[in-house]
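The residues making up each chain are set out below.
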Amino acid sequence: MGEFRVHRVRFFNYVPSGIRCVAYNNQSNRLAVSRTDGTVEIYNLSANYFQEKFFPGHESRATEALCWAKGQRLFSAGLNGEIIEYDLQALHIKYSMDAFGGPIWSMTASPSGSQLLIGCEDGSVKLFQITSDKIQFERNFDRQKSRILSLSWHPSGTHIAAGSIDYVSVFDVKSGSATHKMIVDRRYMGVSKRKCIIWGVAFLSDGTVISVDSAGKVQLWDSATGTLVKSHLIANADVQSIAVSDQEDSFVVGTAEGTVFHFQLVSVTSSSNEKQWVRTKPFQHHTHDVRAVAHSPTALISGGTDTHLVIRPLMEKVEVKNYDAALRKITFPHRCLISCSKKRHLLLFQFAHHLELWRLGSTVATGKNGDILPLSKNADHLLQLKTKGPENIISSCISPCGSWIAYSTASRFFLYRLSYEHENISLQKVPKMPAFLRSALQILFSEDSTKLFVASNQGSLHIIQLLEGHFKHLHTFQPRSGTVEAMCLLAVSPDGKWLAASGTSAGVHIYSLKELKAYCTVPAYNFPVTALAIAPNTNNLVIAHSDQQVFEYSIPDKQYTEWSRAIQKQGFHHLWLQRDTPITHISFHPKRPTHILLHDAYMFCIIDKSLPLPNDRTLLYSPVSLTNESDVRRRTAHAFKISKKYKPLLFMELLDERTLVAVERPLDDIIAQLPPPIKKKKFGT
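Definitions and cut-offs
- Residues numbered from 1 in each chain as written.
- Predicted model: local features only at pLDDT ≥ 70, side-chain atom pairs only at ≥ 80, totals over all residues.
- Heavy atoms only, no water.
- Buried < 20%, exposed > 50% of the residue type's maximum accessible area, 1.4 Å probe, protein only.
- Helix = DSSP H or I, 4+ residues; strand = E, 2+ residues; numbered from the N terminus.
- Arc of directions from axis to C-beta.
- Contact = heavy atoms within 4.5 Å.
- Lys, Arg positive; Asp, Glu negative; His and termini not counted.
- Salt bridge = Lys/Arg side-chain N within 4 Å of Asp/Glu carboxyl O.
- Pairing = 2+ DSSP bridges.
- Domains from an automatic or database assignment.

## Considering helix α1 (residues 562-570)
Listed as buried for α1 are Trp563, Ser564 and Ile567. Looking straight down α1, one finds that the buried residues subtend no more than 100° of arc, so they occupy a single side. The exposed residues of α1 that point more than 90 degrees off its buried face are Glu562 and Lys569. The secondary structure elements touched by the buried residues of α1 are β48 (550-554), β49 (559-560), β51 (595-599), β52 (604-608) and β53 (640-643).

And the structure:
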């Protein structure tokens, strides 16, 4: 693999926001996730659970409900009283509409997907018609005495169930009036004075209403008679969420204790047709409240305060017992939040509302392989750049020379000039940045720091010439006519001749910066791009996809390279394809043209194209159990040199030919900054 000095960085104090809502779309096999800071993420479950899209957060958007409607349309609602529809192509908010009912606590789409129902703080249930380009208010249902915290449609669309405080209501959709009001039992741990909050309801085809509440109960009601059928006390704290499978043969609930319970409809006896709901499996994959759950055909999905998105496959539903049947935990965004100035050894960290600039430490000590060298100069926190306004930062970048910092929000683009004098640093804002640069999904500087490339959510690519203290707009590559595809990833060649851009679909477009025109398009591939980079000297474009395939495309020859064809013919090692986190960064060694450096969250890899490719009979990873070094080298003498020493790995880059920087974010450090979980008594304590 080669020896490097590694700057092991752990001062990126990043804490993901907690998960508030999840919504699964069975038609597209996509999962929408909203977080407590207002961010909404879209995961493609068919593409190895890759986070293919995201909408930046906003301080005023406390999302409480999220749902899909007909035509793959996504809506959210929250405590600001607004309903929001998202544009999934251009990756921006299509429109927002005030529902005039105060804070919105719940929302659900009708079984046909043509109507939207919301539950408000003032006790009103409002029905909206979903038109081709907007939503239109239709009417109110009978107002209740307290806020509507949960809603569910009957699959026929004729009735709805609404969870409130102390009772569950059943409404007739045609008349808008309540047909039944089912009072829940307040008793909780022997105390009956507390109010009972109905956090979630589910309406089944046979007329059964399932409710989950703050008394730790899962209750089944007969909606025709308004009577309680069955009650399950499953927790000593709130049961906060519920989701039912499409076949209505199982459902999942999440509790404030971090436990997820799976209920299944099973026959009472082997010879009987009578069935009943039975709690079959508890899962403890969370440390804090499970605020949201979803039920896909093959998995239980949960998320909550501990920021993890957990996908727990149902083994009886998985046809092939392979790596798809393994548990997945998604913690970090599938995009890079860190950029690096190689010349000045600077790191720029992106947070929701500020940027931090750090200078790496240095040492004069030497040692042998594996030694930890003492620092002669500690890392310096040079700058904190705070945003003004409630919008989250979408993207940011520092130039290779360290003299420019750029970042973007949904409404503005900012560019700063940095000056260094001895130990002092000064910051000068570049005024009058054009409005068309806002909502930049990716920002990139050229290798010589003279040009700035900005990828907008409208599909345009802007080229800015950087001059001393000001700028000049050189050119804009417009999207093809009739298409609006947001560009999410950029790569520029070190010689400044080529620019590669990847959109929300799987396509990669290459542009000539010398002639300022579109050059070619890489042949389409079914899975989205997770990282791309252009190699020096050869101008070969290396592309990583969410299914862990890596391609090398020769830009001058407009075709895949021989090495890429060889590895596609032989196939990647099965352990390589079974990794569950995407490659997020690719770079190259300046003195070794055959080396490709790349990493995901749990491994760093150097691919040496001059060595033979591994097959499934060879060892992909160096085994710890083998003590004979020559035996290890013989069994792993192939192109893939992998290190799992650094994890979770958010960023790794080559500063020079002998120096690496690795930015880690240990999960224990994140958990230590979360609010304390509910204390549970353990056996023997």
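What follows picks up the thread again.
## Re the environment of Leu375
Topologically, Leu375 is positioned in the loop between β32 (354-359) and β33 (380-386). For the pair Leu375 and Ala294, spaced 81 residues apart in sequence, the C-alpha separation works out to 48 Å. When residues no more than four places from it in sequence are discounted, the contact partners of Leu375 are Gly361, Ser362 and Thr363.

## Focus on the side chain of Asp306
Tracing the chain through its elements places Asp306 in the loop between β27 (299-304) and β28 (309-313). Buried and unpaired, Asp306 has no salt bridge, with Lys329 as the nearest side chain of opposite charge at 5.8 Å. Ignoring sequence-local partners within four residues, the contact set of Asp306 consists of His285, His286, Thr287, His288 and Leu674.

## Here's the deal with the pairing of β51
Looking along a regular strand, one sees side chains alternate from face to face of the sheet. A large share of β51 lies buried, amounting to five of its five residues. The alternating pattern of β51 places His595, Leu597 and His599 and Ile596 and Leu598 on opposite faces, both of which are buried. In terms of strand pairing, strand β50 (residues 585-588) meets β51 through four bridges, oriented antiparallel. Looking at β51, one finds that Ser587 is bridged to Leu597. In the sheet, β51 pairs with β52 via five bridges, with the strands oriented antiparallel.

## Some words on the domain arrangement of the chain
For the chain, the assigned domains read domain 1 (1-14 + 337-492), domain 2 (19-244) and domain 3 (245-330). Taking the mean C-alpha position of each, domain 1 and domain 3 sit 42 Å from one another.

## Things to note about unusual backbone geometry
Between Lys647 and Pro648 the backbone carries a cis peptide bond, its omega angle lying at -15°. At Tyr49, a residue that is not glycine, the phi angle is positive and equals roughly 60°. We classify Tyr49 as buried; its relative accessible area is 13%. Although it is not a glycine, Gln72 sits at a positive phi angle of roughly 55°. Mapped onto the secondary structure, Gln72 falls in the loop between β6 (63-69) and β7 (73-78). Owing to a relative accessible area of 33%, Gln72 belongs among the partly exposed residues under this scheme.

## Quick look at the pattern of salt bridges
Per the counting criterion, the structure on display carries 17 salt bridges. A salt bridge links Glu85 to Lys94, with the nearest nitrogen and oxygen atoms 3.9 Å apart. In this structure, Arg665 and Asp669 form a salt bridge, with 4.0 Å as the shortest nitrogen-oxygen distance. Relative accessible area serves as the criterion here: at 2%, Arg665 is assigned to the buried category. Several salt bridges converge on common partners, so that one network encompasses Arg8, Arg10 and Glu664.

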